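# Tertiary structure, described
Read off the chains here:
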Amino acid sequence: QVQLLESGGGLVQAGGSLRLSCAASGRTFSSYAMGWFRQAPGKEREFVAAIGRSGGDIYADSMKGRFTISRDNAKNTIYLQMNSLKPEDTAVYYCAAKSLIASTMVTRYEYWGQGTQVTVSS
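The present account deals with the structure reproduced in this document.

The rules behind these values
Position numbers for residues start from 1 in each chain and track the written sequence from start to end. The predicted origin of the model limits local features to residues at a pLDDT of at least 70 and limits the giving and counting of side-chain atom pairs to 80 or more, whereas totals for whole chains, interfaces and linings rest on all residues. Water and hydrogen atoms play no part in the side-chain values, which are based on all heavy atoms of the structure. One speaks of a salt bridge when a side-chain nitrogen belonging to Lys or Arg is within 4 Å of a carboxyl oxygen belonging to Asp or Glu. Helix numbers and strand numbers start at the N terminus; a helix is a DSSP run of H or I with at least 4 residues, a strand a run of E with at least 2. Only protein chains enter the accessibility calculation, which uses a 1.4 Å probe; a residue whose area is less than 20% of its type maximum is buried, one above 50% is exposed, and one in between is partly exposed. Here a residue-residue contact requires only that any non-hydrogen atoms of the pair lie within 4.5 Å. Two strands are counted as paired when DSSP detects at least two bridges linking them. Angles shown run from 0 to 180 degrees and are taken between the N-to-C directions of axes, each axis being a line fitted to C-alpha atoms and, for helices, limited to the stretch in contact. Working definition: a disulfide is two cysteine sulfur atoms within 2.5 Å of each other. As used here, the term nonpolar core means buried Ala, Val, Leu, Ile, Met, Phe, Trp, Tyr and Cys residues forming a set that is joined through side-chain atoms within 4.5 Å.

## Describing the pattern of salt bridges
In the structure shown here, the tally under the stated rule is 4 salt bridges. The residue Arg-38 makes a salt bridge to Asp-89 at a minimum N-O spacing of 2.9 Å. Of the two residues, Arg-38 is situated in strand β4 (residues 32-39) and Asp-89 in the loop between β8 (77-82) and β9 (91-99); the sequence distance between them amounts to 51 residues. Look at Arg-38 and you get buried, because its relative accessible area is 7%. Within this structure, Arg-38, Glu-46, Arg-66 and Asp-89 form a network of salt bridges that share partners.

Here it is as structure tokens:
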């Protein structure tokens, strides 16, 4: 199994920046595609960004140009750099992993972290 632990969430003012981290256990980290998802109160969990085993990345349209996903296989860690944050970005952010290729679909991911809260004030 892959165990995931998110960190880096917190309170930030609109227009500010935040970097989330997700530490993964195991030596098979490099064989997984990784993703970030978020869920606001009363809403469905939605795709934010994903990164493949070779570093290719994809983003939801609303995040493109503001968020950047990256991975450091030597540290078994992925990151989500969030810039120009808006109040509507407020949500619990989840790290997820799946075998083989990256996906934008929540149901395709096999492993999930516990989530980290991001709150953007106006």
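Having seen the model, we can carry on.
## Observations regarding the environment of Glu-44
Along the chain, Glu-44 turns up in the loop between β4 and β5 (46-51). Using a relative accessible area of 70% as the deciding quantity, one classes Glu-44 as exposed. Along the primary structure Glu-44 and Val-106 are separated by 62 residues, whereas in three dimensions their C-alpha atoms are 10.0 Å apart. Discounting chain neighbours no more than four positions away, the residues touching Glu-44 are Arg-38 and Gln-39.

## Considering the sheet that holds strand β3 (residues 18-24)
Hydrogen bonds between backbone groups are what pair the strands of a sheet, and the pairing can be parallel or antiparallel. If you walk across this open sheet you meet the 4 strands as β1-β3-β8-β7, and the pairing is antiparallel. At either margin of the open sheet sits one strand with a lone partner, and together these are β1 (4-7) and β7 (67-72). Sheet twist, expressed as the mean angle between neighbouring strand axes with direction ignored, is 15°. Note that β7 and β8 share 6 bridges and pair antiparallel.

## Concerning the state of the cysteines
Overall, the coordinates contain 1 disulfide when judged by the stated rule. Two residues share a disulfide in this structure: Cys-22 and Cys-95, whose sulfurs sit 2.1 Å from each other. Looking down the S-S bond of the Cys-22 and Cys-95 bridge, the torsion is -80°, so its handedness is left-handed. Taken together, the residues span a long stretch of sequence, with Cys-22 in strand β3 and Cys-95 in strand β9 at a distance of 73 residues.

## Remarks on the nonpolar core
Counting residues in hydrophobic clusters, the biggest one holds 35 residues, and the most contacted among them are Met-34, Trp-36, Leu-80, Met-82 and Tyr-93. Counting only elements with at least two residues in this core, the list comes to β3, β4, β5, β7, β8, β9 and β11 (116-121). In this structure, Leu-80 is in contact with Leu-18, Arg-19, Leu-20, Trp-36, Val-48, Ala-49, Phe-67, Thr-68, Ile-69 and Tyr-93, ignoring residues within four places of it in sequence.

## Remarks on unusual backbone geometry
Here the phi dihedral of Asn-76 falls at roughly 50°; this positive angle occurs in a residue that is not glycine. Structurally, Asn-76 can be placed in the loop between β7 and β8. Phi at Leu-100 takes a positive value of approximately 65°, unusual for a residue other than glycine. Mapped onto the secondary structure, Leu-100 falls in the loop between β9 and β10 (111-112). For Leu-100, a relative accessible area of 54% gives the class exposed.

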